[in-house]
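The residues making up each chain are set out below.
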Amino acid sequence: MIRISSYAEFDKYHAYDGDDLGATYYADRTVFKTWSPYASGVYLNLYLDGEGANLIETVPMELMSHGVWVVELLHRAEDIFYTYTFEYDNKTRFETIDIYAHACGVNGQRGYLMDLSHTDPIGWEETPRPVCQSPCDAVVYECHVRDFSIDPSSGAELQDRGRFTAFTKEGTRYHSITTGLDHLKELGITHVQLLPVFDYATVDESKPYKAQYNWGYDPLNYNCLEGSYSTDPYDPKKRIREFKELVQTLHKNGIGVIMDVVYNHTYFTEESAFHKSFPYYYHRLNRDGRFSNGSGCGNETASEHKMFRKYMIDSLKFLAEEYKLDGFRFDLMGLHDIETVNLIRDELNKFDPPLLMYGEGWTGGESPVPSDKLAYKWNSYSFGRVGLFNDNIRDAIKGGTFNPYDIGYISGNRYAWAVLKRGLVGSVEHWQLNNAQEACWAFEPTQAVNYCEAHDNHTLWDKLSICAKHFSREERVKMDKLAAALFMLSQGMPFLQLGQDFLRSKPRVPKAGEPVNEVTRVDHNSYNAPDSTNSVKWNEKLENIDVFRYYKALIRLRRNNRLFRLRTKEEIGRYMRFLDTGDPNFIAFKLEDDTDCLICVFNPYHEERHFLLPEGRFYIRLNEQGRMNKFPIGGDTVIPPVSAMVFKRIKKQAEAK
Ligand code: CA
């Protein structure tokens, strides 16, 4: 096998820039194109089914310019399956699915040829994306498809549990409380971010009744959907139609859909479709010629190689257009080179309004690419239009994620306030803060994705059960609510996890021989843990309905007041100012423009604190229970222990006219 010494040189002569890789239908023919400059032969295999010995025929392909292999069938090849066989040095042969396949059979082994418009639900064309003008206007809710409805408490019908279809059903309940779709509407979030729904490897789709689980960060086919979320993984059309119905239903309810994409590595390495299509091109290699492992999952892809960069862009455009997606979340975005990330941003800006784009500004290991070329969070200014998960505010609020006993602002850390204040101003420069601080990393508030719980690490509630175990449950509930107020009222884009709004926990049974304690009883890395750990138990919403109502009130407060959603650092500098309380941990700030004035006060202490309101008459816009009280107040006020209070200035009658 020929190895490439300089990919940049190689790409100059061999990269292909056509937009017709994969299978393309014309009026009366089907054209297949695949790129593999060093193959000695490529063959198209047509099959009756997605698996098994049912080959119809094998057709040799012809090498055109730029390493593109082509074959033309003189009819519209529809409703059949296909693969390619790549031959190298006239002897080694690999059969694989087309990396450009848009649909596939069970377990993603063969591509499926079809006209995708046949999967459009009724009214698909007429259902627009909900409008979201700025990331700051979004409230993102991260959901795993299976977790959402697999538990009987979801109230979902048996055939919908754990599947796309559960998102399309109205009226599900657990006793008196809403679940599923109705819950999303009631909570008031603007976007659902789905953990991987592209075709991933580790769940055997042919065994729907076997106990299997995975988050899905094990990519098999980027342009195909995961079959285990379909009501019939053997029917390639079904998963496509059902996912479109999911998107359509959420769109009809004003909720956008964000897809979690994992282009940073492939589950298989030598056995991946990419490696078989062109060995040693799509993955990064170390100096010794072996695969590098910046993902921590066995390999990392090479976004700086032109044809993988093109693949990512083509794939994202296809997914965004075909499924009318509203945005993308990039897993381990720190592994992608900055140039690629900016090119993707340009493409996603062509949608109206632009699609959301954010990701993790870190990696899972060391990459051979120089760190100043990669989309690490510390290079954030070089890709300022792309959002980044704010681990600074996350850890300042609840404590470091790697030491479960580490405490944060909510749980008694009296040194977290400086980083926290930076988070409150959207992680941008602010005239009242020392701008040399590490946490001042955002180019604009639109870049800051503020959160304190995601699928990774402990849930907020589990973290509190460890690091604040000596406090009563009641005290810990207060800490949880204070955490919610902090990230939800920060400038930037708030992000929370399914069930965080009702104290989601990921219970775990300690293994034999393990000590049984607060750490071993919960799971901080549940990627393949059973449903008993991962699923959302909707009875917990009923049990913690006060917490749910508080989160709901916070979301409403944010969405109803523009001052919490300032879009530029210039506006933040102008409208937001910290108030002097005489104690850096007793944080208070004022948001004021020509029409409104809001005061937010955060008390992390276990006793009440007095706060002097600025001049004017105010009312309580949000108290520690999430309620409003229109009674006019002014001057000295009491902030209850471990709580946030929001006051709003009453407009003078004279001004109102
Ligand atoms: Ca799969």
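Rules used throughout
- Residues numbered from 1 in each chain as written.
- Predicted model: local features only at pLDDT ≥ 70, side-chain atom pairs only at ≥ 80, totals over all residues.
- Heavy atoms only, no water.
- Salt bridge = Lys/Arg side-chain N within 4 Å of Asp/Glu carboxyl O.
- Helix = DSSP H or I, 4+ residues; strand = E, 2+ residues; numbered from the N terminus.
- Buried < 20%, exposed > 50% of the residue type's maximum accessible area, 1.4 Å probe, protein only.
- Core = buried A, V, L, I, M, F, W, Y, C linked by side-chain atoms within 4.5 Å.
- Contact = heavy atoms within 4.5 Å.
- Donors = N, O, S within 2.8 Å, 3.2 Å for Na, K, Ca; no water.
- Expected span 1.5 Å × (residues − 1).
- Pairing = 2+ DSSP bridges.
- Axes fitted to C-alpha atoms, helices over the stretch in contact; angles between N-to-C directions.
- Parallel < 35°, antiparallel > 145°, perpendicular 65-115°, else oblique.
- Left-handed = near helix turned anticlockwise from the far one by under 90°.
- Nonpolar A, V, L, I, M, F, W, Y, C, P; charged D, E, K, R; others polar.
- Phe/Tyr/Trp six-rings, centres within 6.5 Å; stacked < 30°, edge-to-face > 60°.
- Lys NZ or Arg CZ within 6 Å of the ring centre and 35° of its normal.
- Domains from an automatic or database assignment.

With the rule as written, the count across this model stands at 46 salt bridges. We note a salt bridge from lysine 552 to glutamate 186, for which the minimum N-O separation is 3.7 Å. Placement of lysine 552 in helix 14 (residues 545-560) and of glutamate 186 in helix 3 (residues 180-187) is noted, with a sequence separation of 366 residues between them. The class for lysine 552 is partly exposed, based on a relative accessible area of 22%. Between lysine 207 and aspartate 204 there is a salt bridge, with its nearest N and O atoms 3.0 Å apart. Residue classification places lysine 207 among the partly exposed positions, given a relative accessible area of 39%.

Moving on: the nonpolar core. Membership of the largest hydrophobic core comes to 168 residues, with the highest contact counts inside it found for Phe328 and Phe602. The residues touching phenylalanine 328, leaving out its near neighbours within four places in the chain, are Ile258, Met259, Val261, Leu316, Leu319, Ala320, Leu348, Leu355, Leu356, Met357 and Tyr358. By size, the runner-up hydrophobic cluster in this structure holds 14 residues, among which are Cys597, Ile620, Ile633 and Ile639.

Every protein donor of the calcium ion is listed here as Asp199 (OD), Tyr200 (O), Glu205 (OE) and Glu226 (OE), and their distances to the metal cover 2.2 to 2.4 Å. If you list the donors of the calcium ion from N- to C-terminus, the spacing comes out as D-Y-x4-E-x20-E. Here glutamate 226 lies in the loop between strand 15 (219-225) and helix 4 (236-252) and tyrosine 200 lies in strand 14 (residues 198-200), a separation of 26 residues in the sequence. No difference in accessibility class separates tyrosine 200 from glutamate 226, as the two residues are buried.

Its 16 residues give helix 14 an end-to-end C-alpha distance of 22 Å, which sits within 8% of 22 Å, the value for a rise of 1.5 Å per residue. Inspection of helix 14 places Val547, Phe548, Tyr550, Tyr551, Ala553, Leu554, Ile555, Leu557 and Arg558 among the buried residues, and these make up the whole buried set.

Take the sheet that holds strand 16 (residues 256-261) next. The pairing of strands in a sheet happens through backbone hydrogen bonds and is either parallel or antiparallel. Strands sit in the order 10-13-16-17-18-19-20-21 around a closed barrel of eight strands; the barrel is parallel. Going across the sheet, the axis of each strand differs from the next one's by a mean of 30 degrees, ignoring polarity. Note: strand 16 against strand 17 (residues 327-330), four bridges, orientation parallel. Its bridge partner being in strand 17, aspartate 260 is matched across the sheet by arginine 329.

Interhelical geometry of helix 10 (residues 460-467) versus helix 11 (residues 473-488) gives an angle of 135 degrees and a closest axis separation of 10 Å. As far as their axial angle goes, helix 11 and helix 10 are oblique. The interaxial crossing formed by helix 10 with helix 11 has right-handed handedness. Counting all contacts with helix 10, which are made through Leu460, Trp461, Leu464 and Ser465, the residues of helix 11 involved are Arg473, Arg476, Val477, Met479, Asp480 and Ala483. A class-by-class count of the residues in the contact of helix 10 with helix 11 yields six nonpolar, one polar and three charged.

Right, let's get into the packing of aromatic side chains. Going through the model one piece at a time under the given rule, you end up with 47 aromatic pairs. Relative to tyrosine 282, the ring of phenylalanine 274 lies with its centre 5.0 Å away and its plane at 70 degrees, an arrangement referred to as edge-to-face. Taking the relative accessible area as the measure of exposure, phenylalanine 274 reaches 3% and is therefore buried. Residue classification places tyrosine 282 among the buried positions, given a relative accessible area of 4%. With a centroid separation of 6.0 Å and 35 degrees between ring planes, the pair formed by phenylalanine 589 and phenylalanine 602 is classed as tilted. Here phenylalanine 589, found in strand 23 (residues 587-592), pairs with phenylalanine 602, found in strand 24 (residues 597-603); they are 13 residues apart in sequence, far enough to count as distant. Among the residues examined, phenylalanine 589 registers a relative accessible area of 0% and is labelled buried. On the accessibility criterion, phenylalanine 602 (0% relative accessible area) is buried. The positively charged end of arginine 110 is found above the aromatic ring belonging to tyrosine 47, 3.5 Å away from the centroid. Lying across the ring of tryptophan 124, lysine 324 places its NZ or CZ 5.1 Å from the centre.

The next thing to look at is the sheet that holds strand 6 (residues 68-73). One open sheet holds the four strands; their spatial order is 1-2-6-5, and the pairing between them is antiparallel. Whereas interior strands pair on both sides, the edge strands pair on one side only; in this sheet they are strand 1 (22-26) and strand 5 (62-63). Relative to strand 6, strand 2 (residues 29-35) runs antiparallel, the two being bridged by six bridges. Residue pairing for strand 6: valine 31 is matched across the bridge by glutamate 72.

Here the protein is partitioned into domain 1 (7-96), domain 2 (196-220 + 262-504 + 511-547) and domain 3 (565-656). Relative placement of domain 1 and domain 3: their C-alpha centres are 63 Å apart.

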